[in-house]
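Spelled out, the chains give:
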Amino acid sequence: MTDSKYFTTTKKGEIFELKAELNSDKKEKKKEAVKKVIASMTVGKDVSALFPDVVNCMQTDNLELKKLVYLYLMNYAKSQPDMAIMAVNTFVKDCEDPNPLIRALAVRTMGCIRVDKITEYLCEPLRKCLKDEDPYVRKTAAVCVAKLHDINAQLVEDQGFLDTLKDLISDSNPMVVANAVAALSEIAESHPSSNLLDLNPQSINKLLTALNECTEWGQIFILDCLANYTPKDDREAQSICERVTPRLSHANSAVVLSAVKVLMKFMEMLSKDLDYYGTLLKKLAPPLVTLLSAEPELQYVALRNINLIVQKRPEILKHEMKVFFVKYNDPIYVKLEKLDIMIRLASQANIAQVLAELKEYATEVDVDFVRKAVRAIGRCAIKVEQSAERCVSTLLDLIQTKVNYVVQEAIVVIKDIFRKYPNKYESVIATLCENLDSLDEPEARAAMIWIVGEYAERIDNADELLESFLEGFHDESTQVQLQLLTAIVKLFLKKPTETQELVQQVLSLATQDSDNPDLRDRGYIYWRLLSTDPVAAKEVVLAEKPLISEETDLIEPTLLDELICYIGTLASVYHKPPSAFVEGGRGVVHKSLPPRTASNESTESPETAPAGAPSGEQPDVIPSQGDLLGDLLNLDLGPPVSGPPLATSSVQMGAVDLLGGGLDSLIGAPNFVTPPAATAPANLGAPMGSGLSDLFDLTSGVGALSGSYVAPKAIWLPAMKAKGLEILGTFTRQVGSISMDLQLTNKALQVMTDFAIQFNRNSFGLAPAAPLQVHAPLSPNQTVELSLPLSTVGSVMKMEPLNNLQVAVKNNIDVFYFSTLYPLHILFVEDGKMDRQVFLATWKDIPNENEAQFQIRDCPLNAEAVSSRLQSSNIFTVAKRTVEGQDMLYQSLKLTNGIWVLAELRIQPGNPSFTVSCP
Amino acid sequence: MIHSLFLINSSGDIFLEKHWKSVVSRSVCDYFFEAQERATEAENVPPVIPTPHHYLLSVYRHKIFFVAVIQTEVPPLFVIEFLHRVVDTFQDYFGVCSEPVIKDNVVVVYEVLEEMLDNGFPLATESNILKELIKPPTILRTVVNTITGSTNVGDQLPTGQLSVVPWRRTGVKYTNNEAYFDVIEEIDAIIDKSGSTITAEIQGVIDACVKLTGMPDLTLSFMNPRLLDDVSFHPCVRFKRWESERILSFIPPDGNFRLLSYHVSAQNLVAIPVYVKHNISFRDSSSLGRFEITVGPKQTMGKIVEGVIVTSQMPKGVLNMSLTPSQGTHTFDPVTKMLSWDVGKINPQKLPSLKGTMSLQAGASKPDENPTINLQFKIQQLAISGLKVNRLDMYGEKYKPFKGIKYMTKAGKFQVRT
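Conventions we followed
Residues numbered from 1 in each chain as written. Chains lettered and ligands numbered in written order. Predicted model: local features only at pLDDT ≥ 70, side-chain atom pairs only at ≥ 80, totals over all residues. Heavy atoms only, no water. UniProt positions renumbered as here; feature names shortened; annotations may be inferred. Helix = DSSP H or I, 4+ residues; strand = E, 2+ residues; numbered from the N terminus. Buried < 20%, exposed > 50% of the residue type's maximum accessible area, 1.4 Å probe, protein only. Contact = heavy atoms within 4.5 Å. Areas by Shrake-Rupley, 256 points an atom, 1.4 Å probe, with all protein chains shown as cover. Phe/Tyr/Trp six-rings, centres within 6.5 Å; stacked < 30°, edge-to-face > 60°. Patch = residues over 30% accessible without salt bridge, like charges linked within 9 Å, V, L, I, M, F, W, Y side chains within 5 Å. Salt bridge = Lys/Arg side-chain N within 4 Å of Asp/Glu carboxyl O. Lys, Arg positive; Asp, Glu negative; His and termini not counted. Charge placed at Lys NZ, Arg CZ, Asp CG, Glu CD. Pairing = 2+ DSSP bridges. Axes fitted to C-alpha atoms, helices over the stretch in contact; angles between N-to-C directions. pLDDT = per-residue confidence, 0-100. Parallel < 35°, antiparallel > 145°, perpendicular 65-115°, else oblique. Left-handed = near helix turned anticlockwise from the far one by under 90°. Nonpolar A, V, L, I, M, F, W, Y, C, P; charged D, E, K, R; others polar.

Going by an unreviewed UniProt entry, chain B carries the name Adaptor related protein complex 3 subunit mu 2 and comes from Pipistrellus kuhlii. Regarding chain B, the relevant UniProt record gives this comment under Sequence similarities (unreviewed entry): "Belongs to the adaptor complexes medium subunit family."

Looking at an unreviewed UniProt entry, one finds chain A named AP complex subunit beta, with Pipistrellus kuhlii as its source organism. Note on chain A: under the UniProt heading Sequence similarities (unreviewed entry), the record states "Belongs to the adaptor complexes large subunit family."

This is how it looks when you write it as structure tokens:
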């Protein structure tokens, strides 16, 4: 007796008969009938018509029958929402059952019924189950929250289930913790912005404890969650790594790969000199190798990930070349991946072995694989220079086999070898020419034509060869046509006497008889060139070509770094960031590797840098002045003041607007040179605040007297946004001149040239005083530092915020735009010391509403120190007096556009708070 | 997480579907069928297939495709591992995993699948636990159930599920207490034309069959644990103890399980127990080719090599072969061009050989590719890596169990290029 009996049908009609059986009095018959219904369901038959009859069987003590009915309900409740309500009572009752298995079953099934009306009834039982005494029920309930969230997210938030779920992360049972993490991760995926998994050292610790005790699947959830955490320093990173490493010995490959992800990510923070770093590297290799002895499907995913890992850290697997050797009965998808990794690992040390293998593969049966193997030989030649000769001779051997597709592939890669090592292997051209007739693929034909054109002077019958191609010009693909055109022009320039006719023929074919615009235009260009200035034509067409670079298919470093964060996911299989394929772009958060921190500066991570520091991003709002001036004297002794310090009553929004307007008109009228101090704009407070905070940020050593404060370089243009060009920069002022210090890094794979820079109009008329001079082309991964002098004579336009500067940088790839905030103090001129009398007079003239007051806390400097420090940044002390035990400093400064700013600093000795009044 | 599962046979029929979230139309499988058509052989169907709204992840085992549908970013290894676990569970429940068996037990299959995943999250995948929840069908039970009306479904929460040892059920009782361990090693090797080793590695496992009463705590130690530098453990093994003392300490699951798998890499010298002498030649002019292979023992530590089977995929141009073996039987399938020679035992005094001619398509040029020879063999009572168990001790229970250890070496992917 087997279940296949449930599939037999009778003449009367199955549904009819089942209906009768379901309503039978006999328990046994009922159960059999439900089984038949389930059997039909599994093969995709529609048995939804039996809904009421099946639901009637739900009230039963028989657990199997109950489960079967639940199975049915989950499948069909959605199609019969009204009927599904009938089941609610039983569910609610089951949620109170003394047997935890039944309680869990009920809450689990209820969550699977995707009917709005039912979900309302689900909330109360779910709340109870989340607090159930039995961990089995709790862990089932945790998953149920995720289900409910999928059906009705709002409801879950309103009912506070998310908080309960977060509490479960601290549950005593590891299985509950794992399920809570899984549920939260799934919910978080649909709400990328919500900070559901708020990871901190405490919660991390709990997760790491649960990691050791929960099931293998739970371990995957926890590891994936850990990977999103950024440790605060390298010590924390190391301690997490130490606790994750045992997972590398797990039998479940998904656990292993998730652990690898965590380690690869956190390793980024460890110093390479650390002993532990080396140990970790060694520990990573064996588990990766073991993954390759698993089932082919697992191997495939593992190989795709290893491909990334090898690109990021080739040292891990450099000795393991042999495990990537292809077995002849590997599935094709495994073979192709292995081949790719073999090339990546190829080095001078192992090239002989690799070549022998590749040659072996080139005689296999599978055409795709053979082609790739031949190509791989070419790539080896380009990658390992010492092996080039052997590679070429191997390729020649393969050409001798005369297997058509092998020959064609070989010719394509030999072309690349010529481009890498010109004038070295041209002796083989004769052999290549012998196979001219057998080439029928466009790529191979184009490659061959390129070779003939490039080396026309060494091939006696080059004209004949090219002429033979010309006969069927219009039947060729565009690739071949373009190549043929160029080759014949090259030939003509090299041997003008014999080939005049030929070149005219091809030019007329290309320009008159072709409807392909590319071909036609290229034809015209050559034609004009040749007819107006043959010398120039020679220089253009026969110009020296740059060598092709080593590896052409490497993933760009920034993308690679992102993908490393996605090890083990679909993104890693496709080698694309999730944003490129996740549906609707939802849940896409760019991940990036944590920055490496040296052990001694571990306390200051980028996140805690002063908020006012110039950064690449343009702030949306002008921060409140009080806030910024609070930062102003905040020396780097402690963390920044978090709450805004006292903003005194004299700061009024009205005044700000007024002054904003006033300043606007001032800047608009450049002739108006000596304004009264009344113009000291409150509105300057914001940018100035940041400038001043930087000024006070000076530590004793850093150029305290020699020049004005220089902010550390910040990333202005991330490589991700600029096709691989990364720009870091800062502004400096030195002896009267302002300059912009830039650091350009090429993170793309191609060489960058032709740099130029331009500023948009800005508040102070900043403009480059000289062109951007990058002398040599910037090759991949190269960095260049330069200083660009600035003048303040450019055209003026008020920006918001005032010190915003929009910059455009151009190179041979594209034009990139970014904006940055410059610190105002670079605009403080050297002759900013006002005469005491004038100061007094102007101070009195300033209307009250132009006055602004700020308090600066936690600044333990005395008046002299402050004074000298400010002076180094061209803020001058005009007068000093002591009133009621407080030091009063009167300061003045002048901006490049002639505006004066006056300030009074009140310093109370012993009390590290300054009061600044800026009129 | 895992949305749905479809089981598809090699002729492209969906014979079972299961959904853990909303129902996904089976039309999604059309993308799979397309990929199946593109791949010439079932083995070559790529395991990850994107479709506009879903991803299909599949494994191919026992001539059945297990296709999982996922909708969000889920670790593919997670899904594939799970699918393999499903197959293992079916095999464990029904002895074999095949289309007819699954169809015969469709309700149990359905119940088991429901128990394994909840909302796409794995719930219970340990077969010890599953068997307590859903009892595997036996003829006896079916009869009893029909008479008494009892069920296959356990109505108690499996005790192991939440304990510290989730893999073991409580209340285990045996009259004969026994623990058997099989050390099985497979050699994967590629040997080149001239007989030298290109790459060789050993995949070893220790499979256990433990039938012990109560909660036994076992320790297993090795004579030469240094061999094991790349290991994967069953969750029951205490990792700390291994790290510090190189001893396997564990509370075993009940019944059959894989305690440990290990990998002895190509960098260690691997002994190759057999060699193949071959002479396969085609001539341009003649439509006859010569074929001769001899198999002999190499480094076998004095043990007998048995169960030897030689297979080789001959080039397409070979029409037929006329061969004479010195021992065993051979077949050649002119359609698939597969040559298979069941050798049996190797007698070192009289080496088995297979000689004869191949007839080729008249007039065709000689084949480009050389056939690769695939070898299977077994050596009893030998672990080729040299791994040896030192002793097995039991704590926590009073009785004296019967202990046994067996060694075996097998060929894994053992290939000889010609």
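Following the structure, the description resumes.
Chemist: Before we go on, may I ask you to explain the overall build of chain A in this structure?
Modeler: Helix and strand counts for chain A come out as 36 helices and 13 strands. Out of the 919 residues belonging to chain A, those deemed buried represent 57%. For chain A, restricting intrachain contacts to residue pairs at least 6 apart in sequence, the fraction spanning at least 24 positions comes to 67%. If you sum the accessible surface of chain A, you get close to 38600 Å²; carbon and sulfur atoms cover 50% of it.

Chemist: For this particular structure, what's the right way to read the packing of aromatic side chains?
Modeler: The way to describe two aromatic rings as a pair is by their centre distance and the angle between their planes. Enumeration over the complete set of coordinates arrives at 23 aromatic pairs over all chains. Judged by centre distance (6.1 Å) and plane angle (45°), the rings of Tyr574(A) and Tyr55(B) are tilted. Here Tyr574(A) is found in helix α31 (residues 570-574), whereas its partner Tyr55(B) is found in strand β4 (residues 55-61) on a different chain. Owing to a relative accessible area of 21%, Tyr574(A) belongs among the partly exposed residues under this scheme. Residue class for Tyr55(B) comes out buried when judged on its relative accessible area of 9%.

Chemist: Explain a negative patch on the surface to me, please; I cannot follow it from the model alone.
Modeler: All names here are of chain A. Residues Glu464, Glu467, Glu471 and Glu501 make up a contiguous surface patch of negative charge. Tracing the sequence through the fold places glutamate 464 in helix α25 (residues 462-470). A residue is classified by how much of its surface remains accessible, and glutamate 464, at 53% relative accessible area, is exposed.

Chemist: What's the story with the environment of Ala237(A) in this structure? I'm lost.
Modeler: Residues and elements named next belong to chain A. Tracing the chain through its elements places alanine 237 in helix α14 (residues 234-244). Counting along the chain gives 29 residues from alanine 237 to phenylalanine 266, while the straight-line C-alpha distance between them is 5.7 Å. Here alanine 237 is in contact with Pro231, Phe266, Met269 and Leu270, once residues within four sequence places are set aside.

Chemist: Which parts of the structure should I look at to understand the pattern of salt bridges?
Modeler: A side chain of one charge can pair with a side chain of the opposite charge when the charged atoms of the two come close. According to the stated counting rule, one finds 47 salt bridges over all chains in the structure shown. One salt bridge connects Lys335(A) with Glu364(A), and the closest N-O pair in it is separated by 3.2 Å. Residue Lys335(A) is found in helix α18 (residues 332-345), and its partner Glu364(A) is found in the loop between α19 (351-361) and α20 (367-383); the two are separated by 29 residues along the sequence. Of the residues examined, Glu364(A) reaches a relative accessible area of 17% and is grouped as buried. Each of Lys67(A), Arg108(A), Lys147(A), Lys18(B), Glu114(B), Glu115(B) and Asp118(B) takes part in one network of salt bridges that share partners.

Chemist: Would you explain the sheet that holds strand β10 (residues 217-222) of chain B in this entry?
Modeler: The strands making up a sheet associate through hydrogen bonds between their backbones, and the pairing can be parallel or antiparallel. Residues and elements named next belong to chain B. Across the sheet, three strands lie side by side as β12-β10-β22; this open sheet has antiparallel pairing. With one partner strand each, in any of the chains shown, β12 (247-250) and β22 (389-395) form the two edges of the open sheet. Direction aside, neighbouring strands of the sheet carry axes that sit 15° apart on average. Sheet topology places β10 next to β12; four bridges connect them, and they run antiparallel. From the neighbouring strand, serine 221 faces β12, where its bridge partner is isoleucine 247.

Chemist: Sorry, what's going on with the environment of Gly195(B) here?
Modeler: The topology assignment puts Gly195(B) in the loop between β8 (178-191) and β9 (197-211). Separated by 79 residues in sequence, Gly195(B) and Met116(B) place their C-alpha atoms 48 Å apart.

Chemist: Mind showing me how you'd approach the confidence of the model for chain A here?
Modeler: Residue and element names in this part refer to chain A. Overall, the predicted model of chain A reaches an average pLDDT of 76, with 80% of residues at or above 70. For residues 584-588, every residue scores under 50 in pLDDT, and the model assigns this stretch nine contacts once sequence neighbours within four places are set aside. In the model, residues 598-707 has pLDDT below 50 throughout and makes 170 contacts with residues more than four positions away in sequence or in other chains.

Chemist: Got a minute to help me understand the packing of α14(A) against helix α15 (residues 253-267) of chain A in this structure?
Modeler: Helix packing geometry: the angle between the two helix axes and the distance between the axes. Residues and elements named next belong to chain A. At a minimum axis separation of 10 Å, α14 and α15 run at an interaxial angle of 160°. Classified by the angle between their axes, α14 and α15 sit roughly antiparallel to one another. As for the relative orientation of α14 and α15, their crossing is left-handed in sense. Every residue of α15 that contacts α14 at Ala237, Ile240, Cys241 and Val244 is listed here: Ala259, Val262, Leu263 and Phe266. Its residues placed into classes, the contact of α14 with α15 shows eight nonpolar, no polar and no charged.

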